[in-house]
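Summary of structural features
Listed below, chain by chain, are the residues.
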Amino acid sequence: MEIIRTTNLGYCYENDENGDAWALRGVDLSIQEGEFVMILGPNGSGKSTLAKHFNALLLPSEGEVQVMGQSTANAADHWQIRQRAGMVFQNPDNQIVATTVEEDVAFGPENLGIPSAEIRGRVDEALQAVGMTAFSRHAPHLLSGGQKQRVAIAGVIAMRPRCLILDEPTAMLDPRGRREVLETVQRLNKEEGITVIYITHFMEEAVAADRVVIMEQGSIVLDAKPREIFQQTDKLRAIGLDVPPVAELVQDLQQAGIDIPSDVMTVDELVERLCS
Ligand code: ADP
Ligand code: MG
């Protein structure tokens, strides 16, 4: 089942004085149910603008966006689209709305008008899914950044979305918080089958995905499996993205005459190759 489709999507912010404010141009993208897609690209390449089209926070200036077959052009469907495609944003503090973790997670389903007896179960389930059950009575603002983002994810999960869209959810976190959030999202994808669209500027996080979409100046310039992306070191450099250290090391080793395949992606794989 196709969760998201964009067809020739273009978006133009209106307040530009140079006349050329197209943040997106000609974006064709199809995301299937169950996929874990990373969207990467330099600052200003249009990632957030694209993400906001996935749940009708922005509407196309050109082309079309469909969420599970429903066009975002139809305002009557926005409510359902936003419930199906839940968003998590960069700043965990801006997403806290209540004084305890469980109330915070209950907020979304309450707004959907879910009966309170059902909300209880959904909150418990969502907290379990992000590994935050032990914190249900805690004050969200006292949690670590990674924990806050897991609570924000639980809040979205409690609305039973088909698709989770995360816009740089780890940008403000320390390495430990980043790992927690990424592992949580991976588990939700693999075990609960939730479609994940994960925007990041950390190239090394791409290893976790099935598919990596790279944006540059409002368009998609690469769309491939992480292994294939990691091999395109020259192209990544040209776009202004970090080349993963492992990919760089593999290239250096190859140039030094060591027989090692180009699709090695992690330190563990590299060690295994070198030691076998
Ligand atoms: P990214 O998330 O990849 O950093 P954005 O989608 O935020 O990129 O921005 C894409 C382009 O749109 C940039 O040139 C940015 O300056 C412009 N832009 C983003 N938001 C606005 C806005 N609210 N008004 C005008 N221009 C904007
Ligand atoms: Mg952004």
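Computed from a prediction, not measured in an experiment: that's the story for all the values here.

Examining the sheet that holds strand E3 (residues 36-40)
Across the sheet, which stays open at both edges, the six strands sit in the order E6-E7-E8-E3-E9-E10 with mixed pairing between neighbours. Each edge of the open sheet is held by one strand with a lone partner, namely strand E6 (85-88) and strand E10 (219-224). The mean inter-strand angle of the sheet, taken between neighbouring strand axes irrespective of direction, is 20°. Strand direction decides the pairing type here: strand E7 (residues 163-167) and strand E8 (residues 195-200), joined by five bridges, are parallel. Note that in E8 the partner of aspartate 167 across the bridge is isoleucine 199.

What to know about the site of ligand 1
Every one of the eleven residues lining ligand 1 counts as a neighbour, but Gly44, Gly46, Lys47, Ser48 and Thr49 are closest to it. Lysine 47 is positioned with one of its side-chain polar atoms (N or O) 2.8 Å from an oxygen atom of ligand 1. When the free accessible area of ligand 1 is taken as 560 Å², the share hidden by the protein chains comes to 59%. Take the shell around ligand 1: its biggest share by element is three residues, from helix H1 (residues 47-54). By residue class, the composition of the shell around ligand 1 is three nonpolar, seven polar and one charged.

Overview of the domain arrangement of the protein
You can read the domains of the protein as domain 1 (2-243) and domain 2 (244-276). Placing a centre on the C-alpha atoms of domain 1 and another on those of domain 2 gives a separation of 32 Å. Contacts between the two partners involve eleven residues from domain 1 and, on the opposite side, ten residues from domain 2. At the boundary of domain 1 with domain 2, total buried surface from both sides reaches about 1000 Å², with 60% on carbon and sulfur atoms. The largest share of the area that domain 1 buries against domain 2 comes from Arg227, Phe230 and Val243, three residues that together contribute 55% of it.

Observations regarding the side chain of glutamine 147
Examined against the element boundaries, glutamine 147 turns out to sit in helix H5 (residues 145-157). Take glutamine 147: its relative accessible area is 16%, and that puts it in the buried class. What glutamine 147 contacts, discounting residues up to four positions off in sequence, is Met132, Phe135 and Glu180.

Re the sheet that holds strand E4 (residues 62-67)
If you trace the four strands from one edge of the open sheet to the other, you get E2-E1-E4-E5, paired in antiparallel fashion. Every interior strand has two partners, whereas the edge strands, strand E2 (22-32) and strand E5 (70-71), have only one. Bridge count between strand E1 (residues 2-12) and E4: five bridges; the pairing is antiparallel. By the bridge assignment, threonine 7 is partnered in E4 with glutamate 64. Packing of H1 onto the sheet brings it into contact with E1, E2 and E4, and relative to E2 it is tilted by some 55°.

Focus on the environment of methionine 215
Tracing the chain through its elements places methionine 215 in strand E9 (residues 211-216). Residues methionine 215 and glycine 46, spaced 169 residues apart in sequence, show a C-alpha to C-alpha distance of 7.2 Å. Leaving out residues up to four positions away in the same chain, methionine 215 has contacts with Leu24, Ile39, Leu40, Gly41, Pro42, Ser45, Gly46, Lys47, Leu50, Ile220, Val221 and Ile239.

Some details on empty space enclosed by the protein
Under the definition given, this model contains one cavity of 30 Å³ or more. Quantified by volume, the largest cavity comes out at close to 30 Å³. In terms of lining residues, the largest cavity is bounded by Pro92, Gln95, Ile96, Asp104, Pro140, Lys148, Val151 and Ala152. Sorting elements by how many residues they give to the lining of the largest cavity places H5 first, with three residues. Each residue belonging to the lining of the largest cavity can be placed in one class, and the counts come to five nonpolar, one polar and two charged.

Quick notes on the packing of aromatic side chains
Aromatic ring pairs are reported here in terms of the distance separating the ring centres and the angle at which the planes meet. Counted according to the given criterion, the structure contains two aromatic pairs. Their ring planes at 85° and their centres at 4.9 Å tell us that tyrosine 11 and tyrosine 13 sit as a pair that is edge-to-face. In this structure tyrosine 13 comes out as partly exposed when scored by relative accessible area, which is 33%. Relative to tyrosine 198, the ring of phenylalanine 36 lies with its centre 6.1 Å away and its plane at 50°, an arrangement referred to as tilted. Residue phenylalanine 36 is found in strand E3, and its partner tyrosine 198 is found in strand E8; the two are separated by 162 residues along the sequence. Over the aromatic face of phenylalanine 202 sits the side chain of arginine 178, whose NZ or CZ is 4.0 Å from the ring centroid.

Basis of the calculations
- Residues numbered from 1 in each chain as written.
- Chains lettered and ligands numbered in written order.
- Predicted model: local features only at pLDDT ≥ 70, side-chain atom pairs only at ≥ 80, totals over all residues.
- Heavy atoms only, no water.
- Pairing = 2+ DSSP bridges.
- Helix = DSSP H or I, 4+ residues; strand = E, 2+ residues; numbered from the N terminus.
- Axes fitted to C-alpha atoms, helices over the stretch in contact; angles between N-to-C directions.
- Near = heavy atom within 4 Å.
- Polar contact = N/O pair within 3.5 Å; in protein donor to acceptor, adjacent residues only side chain to side chain.
- Areas by Shrake-Rupley, 256 points an atom, 1.4 Å probe, with all protein chains shown as cover.
- Nonpolar A, V, L, I, M, F, W, Y, C, P; charged D, E, K, R; others polar.
- Domains from an automatic or database assignment.
- Contact = heavy atoms within 4.5 Å.
- Buried area = accessible area lost by both parts, 1.4 Å probe.
- Buried < 20%, exposed > 50% of the residue type's maximum accessible area, 1.4 Å probe, protein only.
- 1 Å grid on protein atoms, 1.4 Å probe; cavity = no way out; pocket = protein on both sides within 12 Å on 5 of 7 lines; lining within 4 Å.
- Points joined across faces, edges and corners; volume = space filled by probe spheres on them.
- Phe/Tyr/Trp six-rings, centres within 6.5 Å; stacked < 30°, edge-to-face > 60°.
- Lys NZ or Arg CZ within 6 Å of the ring centre and 35° of its normal.

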